[in-house]
Amino acid sequence: MPLFGLSKSDVDKMEAKRDVKGLVKALAHKKDADVRRAAAKALEKMGDKLAVDGLVVALKDPEIDVRRSAAYALGKIGDAHAVDGLIDVLKDKDSDLRCRAARALGEIRDARAINGLVAALKDQDLTVLRQSVEALGNIGDARAVDVLIVALKNQDEKVRRPAAEALGKIGGEHAVDELIISLKDRDSIVRSVAADALGKIGDPRAVDGLIVALKDRDSVLGFSAAEALEKIGGERALNELVLALKDKLKDGDSNARRQAVAYLGRIEGERALNELVLALKDQNSMVRIRAAEALGKIGDPRAVDGLGIALFDEDSMVRNLAAEALGKIGDARARSALTMAGVQICDVCGKPLLSGPSFKIPVEGFYNSPKYREWFDRNMMPRLRAKVAPSYITVDMALAEMRSKDKTSDSIVCGVCLGLFT
Ligand SMILES: [Zn+2]
């Protein structure tokens, strides 16, 4: 295409055709700044690798819009050939461009950018500084740890937050020490980001500091600390976490108890099973709700008695969640607890029929439905075979035995399972 007389509408056509080569040529069209601007915008949207060299040249364009688009596009493309050009731009007089360059370098993640980004930590513009901190975190090179620790002590919390996050990505002993200190930062977001970062690094040395944070009044921090301890894992972290949470269950503040129950539900079941069953009797209904919910997730048959009592709770949400939990546990005792409380359960999936409609299927129709037979073969036979093999060899034998024991005139099914009988 002849460059002479190239106009903005030509650029639009190139964009529509995704003509990257043409756009790169237009990007160098010295005579018309509008053409270069439009080409840069188009390439920014496309993010095509073929444009890298042209975009690097455009980083020096006299028009600021062109330089900005070029920097953004290069970050999107993420090609390491752009690193040197972007480092130069970190010294541009336009702060938005410096910011874009820092961000692009963070997306490219090439360690050659470290020195340039470290120098940018002295930038007067806070956004550039923050973006550089983030970029260093993305690159994840241990050489940046010392300067990031300096940033972690910056007087502006908007710098300390990404610094804590960046250190979490890089890790290392030195970072861990400083992040533990940041668990006591005066800014609550820095504190919880530090806890998240420590969880990500997973160094057991952070356990003590995180336990202190867990007991903090600040609920976000408590949540981050609990999560971090869970991630660090290991007997000690989990034991300490469970202990601290059990302690919180005795808290006079019902919010703290509710939170503790929710965390306990997140931790692998058994460690907190007794406490969760006890929490079903908490005076606060929100605590009981969380406990029933947690026990539903865990699905441990040892909670059946407690859940059976909760079926008579004054709060309907507790009753429903307890019924769901029992439905999920699904063994003979759970089923009988549900029937005793007058909760009907679906004869196919075993879920309690709480809010949705229930349907009666005549017992003959139930056992003779080909779709139910198929469902039974797929879902129940493997379990039966594992349990009582080899006496149940065929679906027919299993269904015949069920039919012989069934004294009801019809079966109750939920709306979902109804499809097996229509
Ligand atoms: Zn069902």
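These figures come from a predicted structure and were not determined experimentally.

### Remarks on the overall build of the chain
Part 1 of the reasoning: Scanning the chain from N- to C-terminus turns up 26 helices and 2 strands.
Part 2 of the reasoning: Computed over C-alpha atoms, the radius of gyration of the chain comes to 31 Å, more than 25% over the 22 Å expected from 2.2 N^0.38 for 422 residues, which places it beyond the range of a compact globule.
Part 3 of the reasoning: Reported as C-alpha extents along the three principal axes, the dimensions of the chain are approximately 90 × 55 × 40 Å.
Part 4 of the reasoning: Within the chain, the proportion of its 422 residues that are buried is 43%.
Part 5 of the reasoning: For the chain, long-range pairs separated by at least 24 residues make up 64% of all intrachain contacts whose partners lie at least 6 apart in sequence.

### Focus on the domain arrangement of the chain
Part 1 of the reasoning: Taken domain by domain, the chain holds domain 1 (141–232), domain 2 (249–343) and domain 3 (346–422).
Part 2 of the reasoning: The distance between the C-alpha centroids of domain 2 and domain 3 comes to 28 Å.
Part 3 of the reasoning: Looking at the side of domain 2 that touches domain 3, the element that brings in the most residues is helix α21 (residues 316–329), giving 4 residues.

### A word on the packing of helix α5 (residues 64–77) against helix α7 (residues 95–108)
The geometry of a pair of packed helices is captured by two quantities: the angle between their axes and the separation between those axes.
Part 1 of the reasoning: With their axes 8 Å apart at the nearest point, α5 and α7 run at an angle of 15° to one another. Between α5 and α7, the crossing angle belongs to the class labelled roughly parallel. Note on packing geometry: the crossing formed by α5 with α7 is left-handed. Across the interface between the two elements, Ile64, Arg67, Arg68, Ala71, Tyr72, Leu74 and Gly75 from α5 touch Asp96, Leu97, Arg100, Ala101, Arg103, Ala104, Glu107 and Ile108 from α7.

### Notes on unusual backbone geometry
Across residues other than glycine, the phi torsion is negative in most instances, and most of the peptide bonds are trans.
Part 1 of the reasoning: One non-glycine residue, Arg18, adopts positive backbone phi at about 55°.
Part 2 of the reasoning: Among the structural elements, Arg18 can be located in the loop between α1 (8–16) and α2 (20–27).
Part 3 of the reasoning: Notably, Arg109 is not glycine yet its phi reads approximately 60°, a positive angle.
Part 4 of the reasoning: We classify Arg109 as partly exposed; it has 15 C-beta atoms within 10 Å.

### Here we look at the environment of Val190
Part 1 of the reasoning: Tracing the sequence through the fold places Val190 in helix α13 (residues 188–201).
Part 2 of the reasoning: By C-beta crowding, Val190 is classed as buried, having 25 other C-beta atoms within 10 Å.
Part 3 of the reasoning: Each C-alpha atom of the pair Val190 and Lys158 lies 8.7 Å from the other, and the pair is 32 residues apart in sequence.

### Some thoughts on the packing of α1 against α2
Part 1 of the reasoning: It is at 8 Å that the axes of α1 and α2 come closest, and there the two elements cross at 150°. In terms of axis orientation, α1 runs roughly antiparallel to α2. Crossing of α1 over α2 shows left-handed handedness. Between α1 and α2, the contacting residues are Val11, Met14 and Glu15 on the first element and Gly22, Leu23 and Ala26 on the second.

### Digging into the environment of Ala40
Part 1 of the reasoning: As for its placement among the helices and strands, Ala40 is situated in helix α3 (residues 33–46).
Part 2 of the reasoning: C-beta crowding within 10 Å serves as the criterion here: with 28 such atoms nearby, Ala40 is assigned to the buried category.
Part 3 of the reasoning: Each C-alpha atom, one on Ala40 and one on Ile149, is 37 Å from the other, the two residues being 109 residues apart in sequence.
Part 4 of the reasoning: Ignoring anything within four residues of it in the chain, the contact list for Ala40 reads Leu27, Ala58, Val66, Ser69 and Ala70.

Cut-off values and rules
Residues numbered from 1 in each chain as written. Predicted model: local features only at pLDDT ≥ 70, side-chain atom pairs only at ≥ 80, totals over all residues. Helix = DSSP H or I, 4+ residues; strand = E, 2+ residues; numbered from the N terminus. Rg over C-alpha atoms; globule rule 2.2 N^0.38 Å. Buried ≥ 20, exposed ≤ 12 C-beta atoms within 10 Å, placed from the backbone. Contact = placed C-beta atoms within 7 Å. Domains from an automatic or database assignment. Axes fitted to C-alpha atoms, helices over the stretch in contact; angles between N-to-C directions. Parallel < 35°, antiparallel > 145°, perpendicular 65-115°, else oblique. Left-handed = near helix turned anticlockwise from the far one by under 90°.

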